[in-house]
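Descriptive analysis of the structure
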Amino acid sequence: MTTSPADRQHAAQAEAETAKSGSISIRNFDFFYSGHQALFDISMEIPPRQVSALIGPSGCGKSTLLRNINRMNDLIDGISHRGDIQIDGRTIYDPHLEVTSLRKRVGMVFQKSNPFPKSIYENVVYGLRVSGVNDRSTLDRACEEALRSSALWDEVKDRLQQSALGLSGGQQQRLCIARTIAIRPEIVLMDEPCSALDPIATGKIEELIMQLKKDFTVVIVTHNMQQAARCSDRTAFFYLGKLIEFDATVKIFTTPGQKQTEDYITGRFG
Amino acid sequence: MATKLDKPLRVAGEPWVWCTAMGLTLGMVMVVLLLGLIAWNGLSVFWPKRVDLVTLRAGSQAGIGGSRTLAGELVKRQERTAPTERGTYEIQLFVGNRDAYDFSFKYLDEADIESRATPPELMVIERMEGGDAIGTPVRLMVKGESDLAADAGAFLSRLRAQVEVAQARRAAILRVEKHEIGAINRDLEDANRALRNPSADRVRIDGEVAKLQQRYAELADQARQLRAAQADDQLILRLATGEERRIALGQIVDYAWPNQLSTWQRITASFHAGWNFLSENPREANTEGGIFPAIFGTFVMTLLMSVAVVPFGVVAAIYLREYAKQGTWVRMVRIAVNNLAGVPSIVFGVFGLGFFVYVVGGSIDSLFYPEYGSTPVFGTGGVLWASATMALMTVPVVIVATEEAIAAVPRGAREGSLACGASKWQTIRSIILPASAPGILTGLILAMARGAGEVAPLMLVGVVKLAPTLPVDSLWKATDVVPFVHLDQKFMHLGFHIYDLGFQSPDSEAAKPMVFATTLFLIVLVLVLNLGAILIRERLRRRYALGAF
Ligand SMILES: Nc1ncnc2c1ncn2[C@@H]1O[C@H](COP(=O)(O)OP(=O)(O)OP(=O)(O)O)[C@@H](O)[C@H]1O
Ligand SMILES: [Mg+2]
């Protein structure tokens, strides 16, 4: 079999795709909600293709940080920041960078599942459609692939055209994950994705997260210590808007460097 | 702690519950009574009433022209305002025959009445002019045949056949006079306008004009002959007062012997009358005939208004809610919009006349219709400007409803879409607008309810008592018939029709039943339009149920 130049170019492009790593580096990041400071001087290097968990007591700024990585906080009036967040070495605050293209590279799954009131199929391909992909076969392929990798395909393959609102809570959350990974982002942000789910659905999603790290950098906010311990490679502990400690999960859960971290994970506060 | 259980009534709030429930009940009862009254009075118009033959006591002066007998439909029986020693009740009869008596209603003291009967031979004839005739048929005079007495066996079938002939002829007259001659008139006007153009081929146009004028003369002659033929056959009717009248069969719209009808026949007759009322053109200064042009005009106006008001309102609401920077300025705009909803409707009428008709319409005329000279085309009231005025009047309702619907879209839906890389506009188009569609339709329903019932502003911008054409109809050209939308034409409206019938007609007593029937159909039309919108809204609700967020 001979390879045409077009094929070779395609292959090179595919290689470049897989080579794009999805590392996040946060540098001296301060964040303010209309004057009130929510994050203080955060600096962390989130490695590519690993699961990083953000833990900490309620109100400590985990969601705020997460929502800054895909600039979801832009929707809020009166915000400001200092410092920088870079993805693969490029700042996300580059004025030439379209925020929509940033969000295509940094997907997000929310605490409450939020499928659109459309069919399952249209939910999954929504991100592709808004990027201008309308070719039926491409969409079909992407839909199946995304549903398979979010472990939902077998459950919904016969009802793709039915409303997504008819799915169970856990299925809806996996659908939202499928919707996020269908656009092939580099990074998937998850804000307490399992907090509204029962243990079985949670187990499925955790399995899924372990799968996802093969292809994506995953940053997950969780209140569940076991969950952080089970499925993350690295864990960051936040307290009152400050990053206290960020290290390998094993280390955080066995020999934490800071007293506050130990108190928190052993349940002495929070 | 246990004292909480036996709280006094006042604290439990029960009296307030009763109060609110009573308020609601009172409101409901009033609405039901009002609708019931309108429905009853409106529908009973179509029910064929019996005709009473009343014989007065000897010496009574109450009869018509000194006669002791009179016939008519009983309208009502009431207590006299000033009772006399002879009795307290009086009755009102609809005696018809306006051409003979100069009036069609007559009050009689019950004390004057010797007897009342309902003889089967009494006939009611609905005529093109002069209202109903009531009397006993005597004979039928068909041109070229010998007279046929009413008790002859062939009388009924001959009458029916000749009335049908006359009705067909009436349709032919309408076609010739209104459509064919109308088409020639239009062509003549076109030719005249063409002549004003200095570079026109005068010889050719003059030739065409001559040809058209010749054709016109032929048609006019044809119409004249047809009209004359309408009076060929006649029915002799003896009124209860004894006098005999001739009725040309060409005048007869419908006839019946109401005292002979069975209940079933009465029911079919009233359906027939109701259908005629809905589907026919009005006659005799709107006091007779149907209301079709008014129904159609109201319908077209409301539809055009909806088509105009929804895009405007939705676009404005999207801007206010999604794009404008929230602050004092936007708050002020919002207050202004809300206040706009409270501006008296006549003010909108004046604005519509000044802005849409004179400014916009006038400019359109001077730009596109210079050859019409001083005759306005769009520079005068018409269904387009009426709809635009009503749209302007109701746009605040749609803006407010849409804004609320947009604000009610859960944040999760919006963020989910943005997180997929959708732009703001994509999010609005594919997530926010579909989810707020039911709310937008609620706004439209309110707008339609207000717009369809409004009369005052319409009187300034295009409603007329009698419109020459429907807003949408077929235009008769010399060669063919084409569908035609006259957005510039004046139109009829049910609300205005009610006003005109009830308060502008010379005989308001005679028009009263028509007013009730028209009111009933105005309410039904608004209801039908609203039901349509509600059905669409329910379908959308089911489709975009956002319960899962
Ligand atoms: N939209 C907002 N406007 C103003 N302040 C906000 C806003 N969102 C969050 N905050 C504040 O920022 C701080 C951090 O909030 P954040 O939501 O990031 O906490 P969190 O760690 O995610 O808490 P939880 O675990 O309860 O979700 C809190 O003090 C909160 O009150
Ligand atoms: Mg949070």
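This text goes with the structure placed above it.
Okay, so let's go over this structure. (Residues numbered from 1 in each chain as written. Chains lettered and ligands numbered in written order. Predicted model: local features only at pLDDT ≥ 70, side-chain atom pairs only at ≥ 80, totals over all residues. Heavy atoms only, no water.)

**Thoughts on the overall build of chain A**
Selection criterion: Secondary structure follows DSSP: runs of H or I at least 4 residues long count as helices, runs of E at least 2 residues long count as strands, and numbering of each begins at the N terminus. In this setup the radius of gyration rests on C-alpha atoms only. A globule is expected at 2.2 Å times the number of residues raised to 0.38. Each residue is placed in one exposure class: buried if its accessible area under a 1.4 Å probe, protein chains only, is under 20% of its type's maximum, exposed if it is over 50%, and partly exposed if it falls in between. Whether two residues touch is decided by their heavy atoms; if any such pair falls within 4.5 Å, the residues are in contact. All accessible-area figures derive from a Shrake-Rupley calculation using a 1.4 Å probe, and residue coverage is judged against the displayed protein chains alone. In summary, the charge assignment counts Lys and Arg as positive and Asp and Glu as negative, without counting His or the chain termini. To locate a charge, take NZ of a lysine, CZ of an arginine, CG of an aspartate or CD of a glutamate.
In terms of regular secondary structure, chain A is built from 11 helices and 10 strands. Its C-alpha radius of gyration of 19 Å places chain A within 12% of the 18 Å reference for a compact globule of 270 residues. On the principal axes, the C-alpha backbone points of chain A span a range of 60 × 40 × 40 Å. Buried residues in chain A amount to 50% of all 270 residues. Taking the intrachain contacts of chain A between residues at least 6 apart in sequence as the baseline, contacts between residues at least 24 apart amount to 68%. Of the roughly 12300 Å² of accessible surface on chain A, 50% is carried by carbon and sulfur atoms. The averaged location of the 32 negative side-chain charges in chain A is 2 Å from the averaged location of its 32 positive side-chain charges.

**Here we look at the nonpolar core**
What counts is decided by this rule: For our purposes a nonpolar core is just a set of buried Ala, Val, Leu, Ile, Met, Phe, Trp, Tyr and Cys residues, chained together by side-chain atoms within 4.5 Å.
Core analysis: the largest hydrophobic core is formed by 58 residues, its most contacted members being Phe277, Met301, Leu458, Phe491 and Leu494 of chain B. Those elements giving two or more residues to this core turn out to be α7 (292-323), α8 (328-340), α9 (345-368), α10 (383-407), α12 (424-453), α13 (456-461), α14 (494-504) and α15 (508-543) of chain B. When residues of this core are assigned to their parent elements, the largest contribution, 11 residues, is made by α15 of chain B. Those residues in contact with Phe277 of chain B that lie beyond four places of it in its chain are Phe46, Gly289, Gly290, Ile291, Phe292, Met514, Ala517, Thr518 and Phe521 of chain B. Counting residues in hydrophobic clusters, the runner-up holds 43 residues, among them Ile183, Ala201, Ile205 and Tyr264 of chain A.

**Focus on the packing of aromatic side chains**
Condition: Any two of the Phe, Tyr and Trp rings considered here, Trp counted by its six-membered ring, make a pair once their centres fall within 6.5 Å; the pair's planes then place it as stacked at under 30 degrees, edge-to-face at over 60, or tilted in between. Whether a charge lies above a ring is judged from NZ of Lys or CZ of Arg, which has to be within 6 Å of the ring centre and within 35 degrees of the ring normal.
Summed over all chains, the structure comprises 18 aromatic pairs over all chains. Taking NZ or CZ as reference, Arg77 of chain B lies 3.9 Å from the ring centre of Tyr89 of chain B, over its face.

**Focus: the site of ligand 1**
All names here are of chain A. Applicable threshold: Whether a residue is near a molecule or strand depends on its heavy atoms: it is near if one of them lies within 4 Å of it. Two N or O atoms form a polar contact when they lie within 3.5 Å of each other; inside protein one atom must be a possible hydrogen donor and the other a possible acceptor, and for residues adjacent in sequence the pair counts only when both atoms belong to side chains.
Not every one of the 13 residues close to ligand 1 is listed here, only the nearest: Ser58, Lys62, Ser63, Thr64 and His223. Between Tyr33 and ligand 1, the recorded distance is 3.4 Å, taken from a side-chain N or O atom to a nitrogen atom. Between an oxygen atom of ligand 1 and a side-chain N or O atom of Ser58, the distance comes to 2.4 Å. Protein chains bury 63% of the 630 Å² of accessible surface belonging to ligand 1 in isolation. Among the elements of the structure, β2 (36-46) and α2 (62-69) are those that each provide at least two residues to the shell around ligand 1.

**A few points about the packing of α7 of chain B against α15 of chain B**
All names here are of chain B. To be explicit about the condition: As a rule, the C-alpha atoms of each element are fitted with a line to give its axis, helices using only the stretch in contact, and angles between N-to-C directions run from 0 to 180 degrees. Working rule for handedness: look at the near helix, and if it is turned counterclockwise from the far one by less than a right angle, call the crossing left-handed; if clockwise, right-handed. In the scheme used here, Gly and all other residues not listed as nonpolar or charged are polar, with Ala, Val, Leu, Ile, Met, Phe, Trp, Tyr, Cys and Pro taken as nonpolar and Asp, Glu, Lys and Arg as charged.
In the contact formed by α7 and α15, the axes pass within 11 Å of each other and the chain directions differ by 35 degrees. By crossing handedness, the relation of α7 to α15 is classed as right-handed. Only Leu522, Leu525 and Leu529 of α15 make contact with α7, whose side of the interface consists of Ile295, Thr298, Phe299, Thr302 and Leu303. A per-class count over the contact of α7 with α15 returns 6 nonpolar, 2 polar and no charged.

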